[in-house]
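Now for the letters of each chain:
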Amino acid sequence: MSRLTRRDFLKISGAAATSLLPGCMTQPSAPAKPIGRVIVIGGGFGGATAAKYLRMWSEGAIEVVLIERNAEFISCPTSNLVLGGTRTMGDITRSYARLRDYGVQVIRDEATAIDVEKKRVSLKRIEDLPYDRLVVSPAVDFMHDQIEGYNPEAQKTIVHAWKAGPETVALRQQLEAMPDGGVYILSVPRAPYRCPPGPYERACQVAFYFKQAKPRSKVIILDANEDVVSKPALFKAAWNELYKGMIEYRGNSEAKAVDARAKTVKTTCSATPRFRRRRCPSRAIWRTTTASSPQPRSSSS
Ligand SMILES: Cc1cc2nc3c(=O)[nH]c(=O)nc-3n(C[C@H](O)[C@H](O)[C@H](O)COP(=O)(O)OP(=O)(O)OC[C@H]3O[C@@H](n4cnc5c(N)ncnc54)[C@H](O)[C@@H]3O)c2cc1C
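Residues numbered from 1 in each chain as written. Predicted model: local features only at pLDDT ≥ 70, side-chain atom pairs only at ≥ 80, totals over all residues.

A.B. asks: Which parts of the structure should I look at to understand the site of the ligand?
C.D. replies: In the region of the ligand, 26 residues are neighbours, and G42, G44, G46, P138 and A139 sit closest. Mapped onto the shell around the ligand, the elements with two or more residues apiece are helix 2 (45–57), strand 2 (62–68) and helix 3 (79–84). Top contributing element to the shell around the ligand by residue count: helix 2, with 3 residues. Tallied by class, residues from the shell around the ligand come to 10 nonpolar, 12 polar and 4 charged. (Near = placed C-beta within 6 Å. Helix = DSSP H or I, 4+ residues; strand = E, 2+ residues; numbered from the N terminus. Nonpolar A, V, L, I, M, F, W, Y, C, P; charged D, E, K, R; others polar.)

A.B. asks: What's the story with the environment of G245 in this structure? I'm lost.
C.D. replies: Looking at the element boundaries, G245 is found in the loop between helix 8 (232–241) and strand 13 (247–250). In sequence terms G245 and R216 are 29 residues apart; their C-alpha atoms lie 9.4 Å from each other.

A.B. asks: I tried to follow the nonpolar core on my own but got confused; where do I start?
C.D. replies: A general trend in soluble globular proteins is that nonpolar side chains are found buried together. Counting 37 residues, the largest nonpolar core has A203, V206, A207, V219, I221 and L222 as the members making the most contacts within it. Ranked by residues supplied to this core, first place goes to helix 7 (residues 198–213) with 8 residues. Composition of this core by domain shows at least three residues from each of domain 1 (6–136) and domain 2 (144–281). Every residue in contact with V219, bar those within four places of it in the chain, is listed here: Y184, L186, A203, V206, A207, M246 and I247. Of all hydrophobic cores here, the second largest spans 26 residues; its members include V38, V65, A111 and V135. (Core = buried A, V, L, I, M, F, W, Y, C linked by C-beta atoms within 7 Å. Buried ≥ 20, exposed ≤ 12 C-beta atoms within 10 Å, placed from the backbone. Domains from an automatic or database assignment. Contact = placed C-beta atoms within 7 Å.)

A.B. asks: Would you take a moment to explain the confidence of the model for the chain for this structure?
C.D. replies: Interpreting fine coordinate detail is not advised for predicted regions of low pLDDT. Counting all residues, the mean pLDDT for the chain is 83, and 78% of those residues have values of 70 or more. Here residues 9–28 is modelled with pLDDT under 50, and outside its nearest four sequence neighbours on either side it reaches 27 contacts, counting other chains as well. Across residues 270–301, confidence stays below pLDDT 50; counting only partners more than four residues off in sequence or on other chains, it has 95 contacts. (pLDDT = per-residue confidence, 0-100.)

A.B. asks: Looking at this model, I keep getting lost on helix 2. Mind explaining?
C.D. replies: Side chains of residues three or four places apart in an α-helix project in the same direction, reflecting 3.6 residues per turn. Between the first and last C-alpha of helix 2 there are 18 Å, a value that for 13 residues agrees with the 18 Å anticipated at 1.5 Å per step. Looking at helix 2, one finds that the buried residues are G47, A48, A50, A51, K52, L54 and R55. (Expected span 1.5 Å × (residues − 1).)

A.B. asks: Quick question: what am I supposed to make of the environment of D180 here?
C.D. replies: Of note, D180 is situated in the loop between helix 6 (166–177) and strand 11 (183–188). Residue class for D180 comes out exposed when judged on the 10 C-beta atoms lying within 10 Å of it. Note: C-alpha distance between D180 and A213 (33 residues apart in sequence) is 7.8 Å. The contacts of D180, once residues within four sequence positions are left out, are K214, P215, R216 and S217.

A.B. asks: Just checking my understanding: could you explain the pairing of strand 7 (residues 120–123) for this structure?
C.D. replies: Look at any regular strand and the pattern is simple: side chains alternate between the two faces of the sheet. Burial along strand 7 is one-sided: the residues V121 and L123 are buried and none of R120 and S122 is. Bridge analysis of strand 7 against strand 8 (residues 129–130) gives 2 bridges, and the strand direction is antiparallel. Each residue of the ladder has a partner; that of R120, found in strand 8, is P130. In this antiparallel pair of consecutive strands, strand 7 and strand 8, the connection spans 5 residues. (Pairing = 2+ DSSP bridges.)

A.B. asks: It is not clear to me how the sheet that holds strand 9 (residues 133–136) should be interpreted in this structure. Could you clarify?
C.D. replies: Strands in a sheet are paired, the pairing made by backbone hydrogen bonds, and the direction either parallel or antiparallel. Across the sheet, 4 strands lie side by side as 5-2-1-9; this open sheet has parallel pairing. Sheet topology places strand 5 (105–108) and strand 9 at the edges, where each strand pairs with a single neighbour. The mean angle between the axes of side-by-side strands here comes to 20 degrees, regardless of whether they run parallel or antiparallel. One ladder, built from 4 bridges, connects strand 1 (residues 36–41) with strand 9; its direction is parallel. (Axes fitted to C-alpha atoms, helices over the stretch in contact; angles between N-to-C directions.)

A.B. asks: Any chance you could explain the sheet that holds strand 8 here in plain terms?
C.D. replies: If you trace the 3 strands from one edge of the open sheet to the other, you get 6-7-8, paired in antiparallel fashion. The sheet is open, and its two edges are formed by strand 6 (111–115) and strand 8, each paired on a single side.

This is how it looks when you write it as structure tokens:
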């Protein structure tokens, strides 16, 4: 694919921004000459918020360019509700058009390198972009090598769905296709990992769906931690009162190996439970970097 020049791309995104403005109500008045350019890498909660407030608080004096690899924003926190069946992907997806209303230039691309000396960001699709200040907010990524057998082939069927998007849809479809009486295993990595309550919420949401559609089915939580790491009293009360006999919790049970064909998972416990549909996320660590001084991305971002 031929690379667009930076000027071409900014022209296109500027034109798109203009055509999306609803009466310019939220558009800060753009000064003839901006006092500088901030590039924001990553349009998640962190990057998108930083980009919006830089435009608002500078009253349009700062040019803000947001680099995001995805076309739309999909909310992770509400993705568990899609698994439970009370929300659709459409409900949890937002366009970046609203950011353009604030004058943020949103570029769909992937940042591949940062040259701190020259103050430039390299991108996959278009030419390098220069900046005066840089916000790096690409969040965390997975450490896939933590579980034996969780290779690229196994990942096709053992979807983690911790990044809201196609895997959320795939996991919901797997749950729907599961027979009544099936077992869904969800593994919780050793803390720290992104969103401590996330796995326990997910267990509740899946059980919520099972209770209505497959009441003989079961959720097994294999927790690498000794005990529930977030809001233990609240979650245990819900499991006992709302999903008694449906959610089984096993502490000190770190997933060590999976066999995607046999549909088994080995844990630090001696038991090797069989399962039909399972969740085995790799270990993830918090690694959000939001800084006004440039920082190189680490290789696992
Ligand atoms: C199931 C679940 C439930 C959760 N529940 C809650 C909750 O109730 N409350 C709460 O506060 N938090 C919750 N969280 C955590 C919350 O989602 C994260 O804390 C939050 O998304 C972090 O924001 P972020 O901007 O740092 O990262 P992200 O939202 O992950 O955004 C990072 C963005 O950077 C982009 N990106 C990465 N690398 C590049 C690159 N090289 N070039 C261009 N773009 C790039 C990605 O595409 C992504 O859009 C939950 C998470 C999950 C998975």
